[in-house]
Structures are given as C-alpha cells and as structure tokens.
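The chain contents come next:
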Amino acid sequence: MGFTNEDVLRMAEEMNVKFIRMQFTDIFGILKNVSIPVSQLPKALEGEIQFDGSSIEGFVRIEESDMNLRPDPNSFVLFPWRPKDGAVARLICDVYNPDGTPFEGCPRGRLRIAIEEAEKMGYSMNAGPEAEFFLFHTDADGRPTLVTHDQAGYFDLTPVDLGENARRDMVMTLTDMGFDIEASHHEVAPGQHEIDFKYDDALTMADSLVTFRFVVRTVAQQHGLTASFMPKPIFGINGSGMHVNQSLFAGDKNVFFDPDSKYQLSKEALSYIAGIMEHAPAFTAITNPTINSYKRLVPGYEAPVYIAWSQRNRSPLIRIPARRGLGTRVEVRSPDPSCNPYLAFAVMLAAGLDGIKRNLTPPPPEEGNIFAMSAEERVRHNIPSLPGSIEEALKELEKDQVILDSLGEHIWNRFREAKIIEWDLYRTQVHKWEVDRYLAKF
Ligand code: GLU
Ligand code: MG
C-alpha cells in the first residue's frame, strides 16, 4: 500500500496544487522546508532537489554543502489552511549525499535503520505518542507571553476552557490531513492541552508528530495564541510530556501480549521493558534534549524521575496501561515534546530490542507511589533516578554503545557539540533565582 510517484503527480494535478513544501528535520527535530513550484515536482520526486546542508544545524560543513532531498511519496498531503486555488502540499524527505548514499546525519534515516534492525528480528514497531502543549497569549507585538488563556484543569470544559475553539480547529485540520484523532482534552495545568491520535508504525508516527507540532502552532497563531511544546514553561505547575506508547508487532499480532503469562505480558515485552530501563539514563539526552527538559523531570508533577515500571501508577518511568490483546503496550513516560521524534523512537527501539536480544528480565513492577518513598526506601528497592541535567545525561549517553550506535557517529558528534555549548551558555548565566536568594544575604 501507499502512494507511488505517479499517484503524487496525479493528486497534485487533481487538487490544483501550485507549491510543494519539501520537508525534513535537522538533528534537533526542527522542521525545515524548501518550497518548490509544482513544475519542479517530477524532478523533485526523482530526488534531484538540492539544498545547502551547511545552513542546517548539525548537518555538514560549508565545503561539503550540497545535499539531496528524496521525498517519500506516502507523505503527500495538502495544507488545509492554505487557499484551495493554488493549493500547497508537502512531502517529507530523506536526506541523501550527492553521490546517492543516505546521509548519516538524517534523523529520519537513523529511524529507518533502527526499524530495519527490528525487521531483521521479525518485528515492526508501533508508536503512540501523547504530546502535551500550552496555549499562551501573545503580546501587542505578537510575541509569546507566559499568560495562559484560561484557568481550567484536567478534562474541564467551556466556558472555562477558552482554548476550546483553537483545539477544535486543530483537531479539524489534523483530521483533514489524515490524522485519526482519538481524543482531545484539557490537561492538568491551566492553558495545557493534549490531542491524542491513533498509533501507527514508528516512521509514519515520527512524521505525524513533526506535522502535529507544526499544525498546532500554526492554528494557535490563527487564534492569536502561541502554542508551546517547551517541557516546563512555568515553575510550580505540570510540565508537558510526550509519553510514548510502544509495542512490537509480528504481522498483525501484538508480540507483547501473552494471555497465559503473568501480567499477560510476553517474555519479549518484559525484556523490552528491561532494555528500556537499562538504557534510559543514556537515551534521556535524546528524549529530553533541552536544559528545560530537566525542570520537568522532578517529583510531584506526574512526570517520571525514577527508573522503575508499574502496571498502574503514574510515578515510574514505564507504565503498562490496562489494555491487553492488540492494545498491549509499554508507555514510556519520560520523553518530552521538545525531542526529535525520529531519534527518540530510534533510541527507545534500540534499547528495547537490546533487552530482547540479551533476554533481560526486569525487576518486579513497583506498584507503590515512588514519590512518597524516602531516599533510603528507594535504595532498598534498588530504584535509580533519571539524569538530573542535560550535562549528566550526555555523560550517561557517552558510556552506552547501544544508544550511540543507533544515533550514528555523525549525529552523536554534532549533538554533543551543540549541547555542550548550550549547557555552557546556561551555566554561566546568572539567573533571577540566584539574585533573589543571594544578593541580600551575602
Ligand atoms: N504532564 C505530565 C507530564 O509531564 C503528564 C500528565 C499525564 O499523565 O497525562 O508527563
Ligand atoms: Mg497527558
């Protein structure tokens, strides 16, 4: 199934498309695009559109700057908010070197490699992320503020929930673009929202997620609001997570489900959990890549801090939702929506598969509220913590060959370089908190 290049040409004509946005992401998951007139589409579908890779963060140096875009015909979709007359469509692309080989720094390419690895073992990965976001007012100059548009909370409805109109438009736009929306609701914090869509194979889902972030921001702007996927925009209230539900399928069978075993979870599911737990300290740098990510991973706000799994409660890193059968899945709760979804899925898949390859067994599930345990109790239960900063996370990543291999050398080097600069810029700043605390005291 899926579209061929011919289908794309036909649809572009039928839909009166005038421009195509050729999209891809940099290593940080930021969506980039070059717009081409439809006359260039046949050439583009042959992978002949070039761009300057040196201008994209984390790609290549100036001396080796020409890169090619190879669009994935399956990703063809219209932007519903653009005029019907002279419509705009997009294609998501893989990045290639001019010699026709895949570019090692293309995040989508890295996810493809991780998926191929799973395929060799007979599995395909399904992913269902839940990306939360805030809606904020903009000021007179159109710049985002931290003023939320409402005072509502979890599952509240109008008239308190002023984001309702914006969210409704987001859902309609996403539906027009082929998203299978399952639910949308107000989240716990004022101004915080979530829109859930049906799981899909990992590559399609990573594409969907970058599209989702883009659509949510675009529609918010049309409503005079700013949507932000920043993990912890406001101190003292919930941050925004991107829990990733994941399962492995063999054909149309969910490999994680075993009706006859304890917890009705298969051996593979348990080993996958164990793999995630073992590699979590290392993959956190990828699933939680910003300085701000670590302000979310603190006790008390439904975000995980401790490396444990549970069937029910929401304090550990991994929760197993009650659904069984085809819906059996592992929910990893640490990722946040500032991550690059291609890389985040790739590293979590690599971690889980490593658990399966090595036949790892996880510790028993932790059903108590870990946040309520003392530090001694956690030591007694042997519950480690996630890294506390991007600096710590990078050090963990540096020690983990499985996760490094899944990133590839190119991405790891550029990612580390950029994150060390970011950390240095941050740690040399004098923050308001320090001034408030020390200025008068010393
Ligand atoms: N906002 C919480 C987080 O940061 C999650 C809330 C929920 O369970 O949906 O992960
Ligand atoms: Mg949520």
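Criteria and cut-off values
Residues numbered from 1 in each chain as written. Chains lettered and ligands numbered in written order. Predicted model: local features only at pLDDT ≥ 70, side-chain atom pairs only at ≥ 80, totals over all residues. Heavy atoms only, no water. Buried < 20%, exposed > 50% of the residue type's maximum accessible area, 1.4 Å probe, protein only. Helix = DSSP H or I, 4+ residues; strand = E, 2+ residues; numbered from the N terminus. Arc of directions from axis to C-beta. Contact = heavy atoms within 4.5 Å. Near = heavy atom within 4 Å. Polar contact = N/O pair within 3.5 Å; in protein donor to acceptor, adjacent residues only side chain to side chain. Areas by Shrake-Rupley, 256 points an atom, 1.4 Å probe, with all protein chains shown as cover. 1 Å grid on protein atoms, 1.4 Å probe; cavity = no way out; pocket = protein on both sides within 12 Å on 5 of 7 lines; lining within 4 Å. Sits in = over half its atoms within 2 Å of the grid points. Nonpolar A, V, L, I, M, F, W, Y, C, P; charged D, E, K, R; others polar. Points joined across faces, edges and corners; volume = space filled by probe spheres on them. Axes fitted to C-alpha atoms, helices over the stretch in contact; angles between N-to-C directions. Parallel < 35°, antiparallel > 145°, perpendicular 65-115°, else oblique. Left-handed = near helix turned anticlockwise from the far one by under 90°. Pairing = 2+ DSSP bridges.

A. Inspection of helix α10 (residues 390-398) at higher detail. Of the positions making up α10, those classed as buried are I390, A393, L394 and L397. Projected down its long axis, α10 shows its buried positions confined to an angular sector of 100°, all on one face. Where the residues of α10 are buried, they touch α6 (267-287), α7 (293-296) and α11 (401-427).

B. Looking closely at the site of ligand 1. Near ligand 1 you find E132, E187, N238, G239, G241, H243, R296, Y301, E302, A303, R314 and R333, and these make up its full shell. At 2.9 Å, a backbone N or O of G239 approaches a nitrogen atom of ligand 1. Within the side chain of R333, one N or O atom sits 3.2 Å away from an oxygen atom of ligand 1. Coverage of ligand 1 by the protein amounts to 97% of the 300 Å² it exposes when considered alone. Cavity membership is defined here by more than half of the atoms lying within 2 Å of grid points; on that basis ligand 1 lies in the largest pocket. In terms of residue class, the shell around ligand 1 is made up of 2 nonpolar, 4 polar and 6 charged.

C. Expanded view of unusual backbone geometry. Notably, N16 is not glycine yet its phi reads approximately 60°, a positive angle. For Y263, which is not glycine, the phi torsion reads 60° and is therefore positive. By the secondary structure assignment, Y263 is in the loop between β13 (253-254) and α6.

D. The arrangement of empty space enclosed by the protein in detail. Going through the model one piece at a time under the given rule, you end up with 2 cavities of 30 Å³ or more. When its volume is computed, the largest cavity comes out at roughly 40 Å³. Residue composition of the lining of the largest cavity, by class: 7 nonpolar, 2 polar and no charged. In this model, the second largest cavity occupies a volume close to 40 Å³.

E. Region of interest: the side chain of S247. In this fold, S247 is placed in strand β12 (residues 242-250). In contact with S247, not counting residues within four places along its chain, are S124, M125, N126, N254, F256, T328 and R329.

F. Up close: the packing of α6 against α10. Here α6 crosses α10 at 125°, and the two axes come no closer than 7 Å. Compared by their axis directions, α6 and α10 come out oblique. Viewed along their axes, α6 and α10 form a crossing whose handedness is left-handed. Contact residues: α6 offers P281, A282, T284, A285 and I286, while α10 offers I390, A393, L394, E396 and L397. Considering only residue class, the contact of α6 with α10 consists of 8 nonpolar, 1 polar and 1 charged.

G. Region of interest: the sheet that holds strand β1 (residues 17-25). Taken in spatial order, the 5 strands of this open sheet run β2-β1-β5-β4-β3, and their pairing is mixed. With one partner strand each, in any of the chains shown, β2 (31-37) and β3 (49-52) form the two edges of the open sheet. Direction aside, neighbouring strands of the sheet carry axes that sit 40° apart on average. Note that β1 and strand β5 (residues 87-96) share 6 bridges and pair parallel. Along β5, the bridge assignment pairs M22 with L91. Running over the sheet, helix α1 (residues 5-14) touches β1, β4 (66-78) and β5 and is turned about 65° from β4. Packing of helix α3 (residues 107-120) onto the sheet brings it into contact with β1, β4 and β5, and relative to β5 it is tilted by some 65°.

H. Inspection of the environment of L9 at higher detail. Structurally, the position occupied by L9 is in helix α1. Residue class for L9 comes out partly exposed when judged on its relative accessible area of 34%. Discounting chain neighbours no more than four positions away, the residues touching L9 are L41, P42 and L45.

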